[in-house]
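Read off the chains here:
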Amino acid sequence: MTHLTNLTLKIWRQSGPDDGGHFESYKVDEISDEASFLEMLDVLNERLINEGQEAVVFDHDCREGICGTCSLMIDGVAHGPQRGTATCQLHMRKFTSNVEIVVEPWRATGFPIIKDLMTDRAALDRIVEAGGYITAPTGGAPDANLIPVAKPVADAAMDAAECIGCGACVAACPNGAANLFTGAKITHLNLLPQGQAERFSRAEAMVEKMEEYFGSCTNHGECEAACPKSISIDVIALMNADYLKSKIKNRKSLSRT
Amino acid sequence: MSVDLVSKTPEGPIADKWESYKEDAKLVNPNNKRKFKVLVIGTGLAGASAAATLAELGYQVDAFTFHDSPRRAHSIAAQGGINAAKNYHYDGDSVHRLFYDTVKGGDFRSRESNVHRLAEVSVNIIDQMVAQGVPFAREYGGMLDNRSFGGAQVSRTFYARGQTGQQLLLGAYQQLARQIGLGNVRLFNRVELIDTVVIDGKCAGIVTRDLINGEIQSHAGHATVLCTGGYGNAFFLSTNAMNCNVTAAWRAHQRGAYFANPCYTQIHPTCIPQSDDTQSKLTLMSESLRNDGRVWVPKTPGDERPAAQIPEPERDYYLERMYPSYGNLAPRDIASRAAKRAVDSGRGVGPLKNGVNLDFADSIGRLGRDVVEERYGNLFEMYERITGENPYQTPMRIYPASHYTMGGLWVDYELMTTIPGLYCAGEANFSDHGANRLGASALMQGLADGYFVLPATIGNYLAPMLNKPTPGLDHPEFKAAEAAARARFQGYLDIKGTRSPDHFHRELGKIIWDYCGMERTEQGLEKALSELPALYDEFKKDLRVTGSGASTNQTLEKAGRVDDFFQLGMLMCRDALERRESCGGHFRVEYQDEEGEAKRDDEHFAHVAAWEWTGDPMNAIRNVEELDFEAVHLATRSYK
Ligand SMILES: Cc1cc2nc3c(=O)[nH]c(=O)nc-3n(C[C@H](O)[C@H](O)[C@H](O)COP(=O)(O)OP(=O)(O)OC[C@H]3O[C@@H](n4cnc5c(N)ncnc54)[C@H](O)[C@@H]3O)c2cc1C
Ligand code: FES
């Protein structure tokens, strides 16, 4: 185990949604390279409390890269410098001594700041509520092996389903678009045989709900680079294709009723 | 005066009990269901599945979570898989075998009738989750794949890579999201339950605190369901998420719900060992790794050579040696204790000598790297991210850590606590795992409770309440509970001492880990029971919480949770002290056989201990529910 020394953390402090916010600098004299980035913030917070100051508010929970709660911009990069890694899985061995590290919240119109580094990402839930499910009420399901799913299809659905809903894609996007998130959910469900009945109504409802809250995608590809699960932007192509088709299919099925 | 608890288990042969219960239970007609409001606290597997199903049935549901989204519940972190008695592989599995394995795995300290029901509905869970679009692993023909897990000799574990919990939770969350979108469920996110309210002997609702603006509010419901997860974070370092806590169950306990078997905690054998003092949590490496990894330590204490330089004859594959028939797949409690003994004997590996090897070299040789990567790639990556070491080249280092809590609120066959109208489901209750839980059985239990049990039992309580008035929010009991909660949180701010909640949590956790962890002794527990109240007194006098109660304040949230962990910790130690036997995860050094295996005392302890609140956890009253074993024979648990 070695230690990093003489770090300066420039952290965004904002007392509430209506406050303008500002950067505050904090010195970290020494930290073990085995510590995670969030453990370094724990150490800082412990010190702030000892000094009678308010701790820095930041979202986190599982610290295993799976719950999607942690959400920091580190030196301007969503989840920091290590690719395919959520903030909570980033360790100090990826940094060097004597540097300044800038820590900010997700910045996007769809994610208003609650306090300090914590944002409100509930808009992502609204997109799922609009259609990110398969309607299958409890109790009526047939035997699971009656619906065979080819392994490549199951694997591709799983690749998309790995999304942890952290919102890094939105934070990284210059337009604040949520296409990678929405595309991942649509791809997961629309690839599976169980998802076919609602395929086009799902695509239409989710995309339109997404547009209420988030900006438009102009194919920068920053989202894929920031995604802690390395979800491919191919999911956006599939979403766009299904959305276009939905415009025709949903109209046809409407005219039939 | 202690009382004997009545489980309300239906009469009849074990395999018919659940069917006959459902036939006899009172029903609420579909049009009347909307006249009932059910409060569901927690949106993990148990809570999301319960809330979604109750709403589909027509009840009005309010769902609460302290998370920002229902999808973040700690169930998301489960890795390995979920059991079900599908017998898709024709390897001899059946409902009875799953039932038997679970009772035996729990060291004969669970209620037979509940476990049998769990095994019965396990098959429906897989059907339900596949219908929701959960992308379980498949074989090339398109059928579902299975793996085997600790404590079983059949392959009955369904999985989705190393992210089974994530995929199951997303399935249940999406089903819940649909109901939220349809307006059948109201979601209260970033809202924490801080008290339950009992009026005229029934649960009338809850008091919550809004974590954004600190507002304290009451909610009334005809029935309340706690699905608030386990209390493994009492140890401070555990594999649980940082925010997991016991508050909901503990506050209900203080209002009259008995707390059962708090000393039954599971220490998981395969976690990454602690690396330094700033460590905030421990990370689990899924038990499924033991399918292909071999556990060993050097034979000689103090052997400093890197793993690759230690020749075969100088390695001790101690699980394979001691438990030849289960080998590396011995149940968790047994594997954990064996690892502790290996490390305590000076044969630990790694820079701090605090781990044992989990070695994949043989599997990589036998199966090829690709197969190993396909099975465990994401776990290997996670390991490398945390430790900076590559497990394809050097063995993983693992050590046991607090992981799961079998204890929890006592519930009867209907999942109702000792407070009428208050139910408890998922890890938060004590019901199905006895003194030790088998791998891949918690996900099964959470979904069994939420999808299939609660929705079938809650009507039995609600039906007679139709069109009868229930207490409103203006009832003085609600006002009194709100005032008490306000005073409690203001109280933490007013102490203005010198030490943070985290500071106390670490110290508290260390006491519980040292004396009420993997091995317990009478002397150690007595010591803990003198140290804990003293530290708790300091907490009440010297706590420092900065900031205010009127906006997001994680230090204040933590203070409330640590307060409850202190009281729980005392009860855990008391429970461990009173249970003068060893069983499952509860290992009392005084009670072991010549080979160091747990020695149960069925004559005196084949019962559930359910603790009753008296105002002071040090003086809680111990009640018992006798356990009858009709379908399985009490036997010494052997995995040799
Ligand atoms: C790392 C890890 C891996 C695991 N792997 C497996 C596995 O492979 N197979 C298996 O079967 N089991 C596994 N388990 C165990 C299993 O994941 C859990 O037991 C199970 O998911 C618990 O589900 P739950 O619904 O009871 O609670 P949780 O998922 O913990 O949900 C609790 C919910 O309650 C809410 N809540 C809690 N308190 C309050 C409050 N006061 N107010 C408001 N809301 C509150 C939370 O916000 C959350 O929504 C694993 C556990 C861990 C820690
Ligand atoms: S805290 Fe859960 S993903 Fe980072």
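Residues numbered from 1 in each chain as written. Chains lettered and ligands numbered in written order. Predicted model: local features only at pLDDT ≥ 70, side-chain atom pairs only at ≥ 80, totals over all residues. Heavy atoms only, no water.

The next thing to look at is the interface of chain B and chain A. Between chain B and chain A, the contact holds 79 residues from the first and 78 residues from the second. For the pairing of chain B and chain A, the buried interface totals around 6400 Å² over both sides, and the portion due to carbon and sulfur atoms is 49%. Sorting the residues of chain B by area buried against chain A places Arg72, Arg161 and Arg385 of chain B first, and these three jointly supply 11% of that buried surface. Seen at the junction of chain B and chain A, the total is 7 salt bridges. The interface formed by chain B and chain A holds 55 residue pairs in polar contact (both at pLDDT 80 or more) in total. Mapped by element, the contributors of at least two residues to the side of chain B that touches chain A are α3 (45-57), α5 (112-131), α6 (164-181), α11 (369-387), α12 (442-462), α14 (501-516) and α16 (554-578) of chain B. For the side of chain B that touches chain A, the element with the highest residue contribution is α6 of chain B, accounting for 10 residues. (Contact = heavy atoms within 4.5 Å. Buried area = accessible area lost by both parts, 1.4 Å probe. Salt bridge = Lys/Arg side-chain N within 4 Å of Asp/Glu carboxyl O. Polar contact = N/O pair within 3.5 Å; in protein donor to acceptor, adjacent residues only side chain to side chain. Helix = DSSP H or I, 4+ residues; strand = E, 2+ residues; numbered from the N terminus.)

All names here are of chain B. Relative to the 18 Å expected for 13 residues at 1.5 Å per residue, α3 spans 18 Å between its end C-alpha atoms, a close match to the ideal helical length. Burial analysis of α3 places 11 of its 13 residues in the buried class, the great majority of the element. Every buried residue of α3 is accounted for by Leu45, Ala46, Gly47, Ala48, Ser49, Ala50, Ala51, Ala52, Thr53, Leu54 and Ala55. Where α3 is buried, its residues touch β1 (37-41), β2 (60-64), α6, β5 (185-188) and α12. One or two steps after α3, the chain reaches Gly58, where phi turns positive at roughly 120°. (Expected span 1.5 Å × (residues − 1). Buried < 20%, exposed > 50% of the residue type's maximum accessible area, 1.4 Å probe, protein only.)

For chain B, per-residue confidence averages 96 on the pLDDT scale, and residues scoring 70 or more make up 100% of the total. Here the predicted complex scores 0.97 on pTM and 0.97 on ipTM. (pLDDT = per-residue confidence, 0-100.)

Right, let's get into the site of ligand 1. Residues and elements named next belong to chain B. Close contacts around ligand 1 come from 37 residues, with His74, Ser75, Leu193, Glu427 and Leu443 the closest. The separation between a nitrogen atom of ligand 1 and a polar main-chain atom of Gln79 is 3.3 Å. Measuring from an oxygen atom of ligand 1, one finds a backbone N or O atom of Ser441 at 3.2 Å. Counting atoms within 2 Å of the grid points, the majority share of ligand 1 lands in the largest cavity. Put simply, the parts of the chain that give the shell around ligand 1 at least two residues each are α3, β6 (191-199), β15 (396-405) and α12. Ranked by residues supplied to the shell around ligand 1, first place goes to β6 with 3 residues. (Near = heavy atom within 4 Å. 1 Å grid on protein atoms, 1.4 Å probe; cavity = no way out; pocket = protein on both sides within 12 Å on 5 of 7 lines; lining within 4 Å. Sits in = over half its atoms within 2 Å of the grid points.)

Each aromatic ring pair is characterised by the separation of its centres together with the angle its planes make. Residue and element names in this part refer to chain B. Under the definition given, this model contains 28 aromatic pairs over all chains. Ring geometry for Phe380 against Tyr392: centres 4.6 Å apart, planes inclined by 55°, an arrangement best described as tilted. On the criterion of sequence distance, the pair formed by Phe380 in helix α11 and Tyr392 in the loop between α11 and β15 is long-range, its members being 12 residues apart. For the ring pair Phe539 and Phe566, a centre distance of 5.3 Å and an interplane angle of 50° mean the geometry is tilted. With Phe539 in helix α15 (residues 522-542) and Phe566 in helix α16, this pair connects stretches of sequence that are 27 residues apart. As far as burial versus exposure is concerned, Phe539 and Phe566 are alike and both buried. Chaining the aromatic ring pairs together yields one cluster made of Tyr231, Trp250, Phe259 and Trp613. A cation sits over an aromatic face here: Arg117 above Tyr413, 4.2 Å from the ring centre. Of note, Arg369 hangs over the ring of Tyr392, and the distance from its end group to the ring centre comes to 3.8 Å. (Phe/Tyr/Trp six-rings, centres within 6.5 Å; stacked < 30°, edge-to-face > 60°. Lys NZ or Arg CZ within 6 Å of the ring centre and 35° of its normal.)

Empty space left among the atoms is revealed by rolling a probe the size of a water molecule over them. Taken as a whole and assessed by the stated rule, the structure comprises 9 cavities of 30 Å³ or more. Of the volumes computed, that of the largest cavity is approximately 840 Å³. Considering the residues around the largest cavity, the lining is formed by 49 residues, among which His74, Ser75, Gly229, Gly230 and Glu427 of chain B are closest to the centre. Put simply, the parts of the chain that give the lining of the largest cavity at least two residues each are α3, β6, α7 (247-254), β15 and α12 of chain B. When the residues that make up the lining of the largest cavity are grouped by side-chain class, the tally is 20 nonpolar, 23 polar and 6 charged. In terms of lining, the second largest cavity is formed by 15 residues, of which the most central are Cys163, Gly165, Cys166, Cys169 and Cys227 of chain A. Looking at the lining of the second largest cavity, the elements with two or more residues in it are α4 (168-172) and α5 (179-191) of chain A. (Points joined across faces, edges and corners; volume = space filled by probe spheres on them. Nonpolar A, V, L, I, M, F, W, Y, C, P; charged D, E, K, R; others polar.)

Right, let's talk about the packing of α3 of chain B against α6 of chain B for a bit. All names here are of chain B. Where α3 meets α6, the closest approach of the two axes is 8 Å, and the angle between their N-to-C directions is 35°. Read as a crossing pair, α3 and α6 show a hand that is left-handed. Residue-level contacts link Leu45, Ala48, Ser49, Ala51, Ala52, Thr53, Ala55 and Glu56 of α3 to Leu168, Leu169, Ala172, Tyr173, Gln175, Leu176 and Gln179 of α6. Considering only residue class, the contact of α3 with α6 consists of 10 nonpolar, 4 polar and 1 charged. (Axes fitted to C-alpha atoms, helices over the stretch in contact; angles between N-to-C directions. Left-handed = near helix turned anticlockwise from the far one by under 90°.)

Side-chain pairing between opposite charges can occur once the charged atoms of the two side chains come close. Residues and elements named next belong to chain B. Per the counting criterion, the structure on display carries 70 salt bridges over all chains. A salt bridge links Asp62 to Arg186; the shortest N-O distance between them is 2.9 Å. One end of the pair, Asp62, is in strand β2; the other, Arg186, is in strand β5, and 124 residues separate them in sequence. When its relative accessible area of 45% is taken as the criterion, Arg186 is described as partly exposed. With a closest N to O distance of 3.7 Å, Arg369 and Glu373 form a salt bridge. Within this pair, Arg369 and its partner Glu373 are both found in helix α11, separated by 4 residues, close to a single helical turn. Using a relative accessible area of 36% as the deciding quantity, one classes Glu373 as partly exposed. Residues joined by salt bridges that share partners form a network here, namely Asp107, Arg109, Arg579, Glu581, Arg600 and Asp602.

A few words now on the packing of helix α2 (residues 122-131) of chain A against helix α6 (residues 199-213) of chain A. Packed helix pairs are specified by the crossing angle of their axes together with the interaxial distance, meaning the distance between the axes. All names here are of chain A. Taken N-terminus to C-terminus, the directions of α2 and α6 make an angle of 155°; their axes are 8 Å apart at the nearest point. Considering the angle they form, α2 stands roughly antiparallel to α6. Taken as a pair, α2 and α6 cross one another with a handedness that is right-handed. Residues Ala123, Arg126, Ile127, Ala130 and Gly131 of α2 lie in contact with α6, whose contacting residues are Arg202, Ala205, Met206, Lys209, Met210 and Tyr213. In terms of residue class, the contact of α2 with α6 is made up of 7 nonpolar, 1 polar and 3 charged. (Parallel < 35°, antiparallel > 145°, perpendicular 65-115°, else oblique.)

Before going further, it helps to examine the side chain of Thr457 of chain B. Within the secondary structure, Thr457 of chain B sits in helix α12. The class for Thr457 of chain B is buried, based on a relative accessible area of 0%.

The subject of this paragraph is the nonpolar core. Counting 198 residues, the largest nonpolar core has Ile82, Phe136, Ile458 and Leu462 of chain B as its most contacted members. Viewed by domain, this core spans two of them, domain 1 (4-104) and domain 2 (122-135 + 146-256) of chain A, each represented by three or more residues. Apart from the residues within four sequence positions on either side, Leu462 of chain B is in contact with Val28, Phe36, Val38, Tyr59, His222 and Ala223 of chain B. Counting 34 residues, the second largest nonpolar core, distinct from the first, contains Val295, Ala335, Ile364 and Leu379 of chain B. (Core = buried A, V, L, I, M, F, W, Y, C linked by side-chain atoms within 4.5 Å. Domains from an automatic or database assignment.)

Size it by volume and the second largest pocket reaches roughly 760 Å³. For the lining of the second largest pocket, the secondary-structure elements that each account for two or more residues are α1 (37-50) of chain A together with α14 and α16 of chain B. Residue composition of the lining of the second largest pocket, by class: 13 nonpolar, 12 polar and 14 charged.

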